[in-house]
Amino acid sequence: MERNIETLLKYFSQIRKYYADELKQRFKEENFSHNEIAILILLSNNKSITTCSQLTFFLGVSKGLVSRSVDSLIDRGLVSSVRDPADKRVQHIRLTEEAGKLIVKLKKEIEQINDKLLGDISEKEIAQMEATIMKIINRFKDE
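Residues numbered from 1 in each chain as written. Predicted model: local features only at pLDDT ≥ 70, side-chain atom pairs only at ≥ 80, totals over all residues. Heavy atoms only, no water.

### What about the packing of helix α1 (residues 5-26) against helix α5 (residues 97-118)?
Two measures define how a pair of helices packs: the angle their axes make with one another and the distance between the axes.
For step 1, the next point in the chain: Viewed as axis vectors pointing N to C, α1 and α5 meet at an angle of 125°, and their least axial separation amounts to 11 Å. Taken together, the axis directions place α1 and α5 in an arrangement best described as oblique. Helix-helix and strand crossings are classified by hand; for α1 and α5 the assignment is right-handed. Between α1, through Y18, Y19, E22, L23 and R26, and α5, the contact on the second element is made entirely by L106, E109, I110, Q112, I113, N114, K116 and L117.
For step 2, the next point in the chain: Across the contact of α1 with α5, the residue classes tally to seven nonpolar, two polar and four charged. (Axes fitted to C-alpha atoms, helices over the stretch in contact; angles between N-to-C directions. Helix = DSSP H or I, 4+ residues; strand = E, 2+ residues; numbered from the N terminus. Parallel < 35°, antiparallel > 145°, perpendicular 65-115°, else oblique. Left-handed = near helix turned anticlockwise from the far one by under 90°. Contact = heavy atoms within 4.5 Å. Nonpolar A, V, L, I, M, F, W, Y, C, P; charged D, E, K, R; others polar.)

Below you can see the structure in the form of structure tokens.
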């Protein structure tokens, strides 16, 4: 196994894709795209992520794809877009009240997926993985 960040990112990408595929299947009646689901999850879990540029960075997809997904979520009434008063070029994306019920359902489904995937992995193993990831992240912060 090659030890580098790109390899870890590929692993995380595979995990994200699995979750997206599972959630897309579980919410097929809503007809969400993978990116729409990912945006809803990111916005619900990370209050500091509010712009299309940030979503583009965290999702690792094009700005155009993020913009189309955000527009679709706006049309569905699940997110709103508010122009930044300090910088008119920046739009802040926020979940709406309407999204609240859906987020509860999404989180319940994610919990079920977590139980399925992580059920036979010990708390100690998960804690070690998290500690290792945080060690890597802290090194980025030190740079």
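### What to know about the side chain of T56
For step 1, the next point in the chain: Examined against the element boundaries, T56 turns out to sit in helix α3 (residues 52-59).
For step 2, the next point in the chain: On the basis of relative accessibility, which here comes to 18%, the residue T56 falls in the buried class.
For step 3, the next point in the chain: For T56, the residues in contact, after removing those within four places along its chain, are V61, S62, K63 and V66. (Buried < 20%, exposed > 50% of the residue type's maximum accessible area, 1.4 Å probe, protein only.)

### Here we look at the layout of surface pockets
It is the rolling of a water-molecule-sized probe over the atoms that shows where space remains empty.
For step 1, the next point in the chain: One number sums up the size of the largest pocket: a volume of about 1,900 Å³.
For step 2, the next point in the chain: Along the walls of the largest pocket sit 41 residues, with F12, I15, R16, L42 and F58 positioned nearest its centre.
For step 3, the next point in the chain: Elements that contribute at least two residues to the lining of the largest pocket include exactly α1, α2 (34-45), α3, α5 and α6 (123-142).
For step 4, the next point in the chain: The greatest single-element share of the lining of the largest pocket, amounting to 10 residues, is contributed by α1. (1 Å grid on protein atoms, 1.4 Å probe; cavity = no way out; pocket = protein on both sides within 12 Å on 5 of 7 lines; lining within 4 Å. Points joined across faces, edges and corners; volume = space filled by probe spheres on them.)

### Comments concerning the pattern of salt bridges
For step 1, the next point in the chain: Under the defined criterion, the tally for this structure stands at six salt bridges.
For step 2, the next point in the chain: Note that R26 and E22 form a salt bridge whose closest N and O atoms lie 3.2 Å from each other. With R26 and E22 both in helix α1, this residue pair falls four residues apart, about one helical turn.
For step 3, the next point in the chain: What makes R26 partly exposed here is its relative accessible area of 27%.
For step 4, the next point in the chain: The residue R26 makes a salt bridge to E109 at a minimum N-O spacing of 2.7 Å. Of this pair, R26 sits in helix α1 while E109 sits in helix α5; the two residues are 83 residues apart in sequence, bridging distant segments of the chain.
For step 5, the next point in the chain: Through salt bridges with shared partners, a single network forms among E22, R26 and E109. (Salt bridge = Lys/Arg side-chain N within 4 Å of Asp/Glu carboxyl O.)

### Concerning the packing of α2 against α3
For step 1, the next point in the chain: It is the contact of α2 with α3, at a shortest axis distance of 11 Å, that shows an interaxial angle of 110°. As judged from the angle between their axes, α2 and α3 are roughly perpendicular. Residue-level contacts link N35, A38, I39, L42 and L43 of α2 to L55, F58 and L59 of α3.
For step 2, the next point in the chain: By residue class, the composition of the contact of α2 with α3 is seven nonpolar, one polar and no charged.

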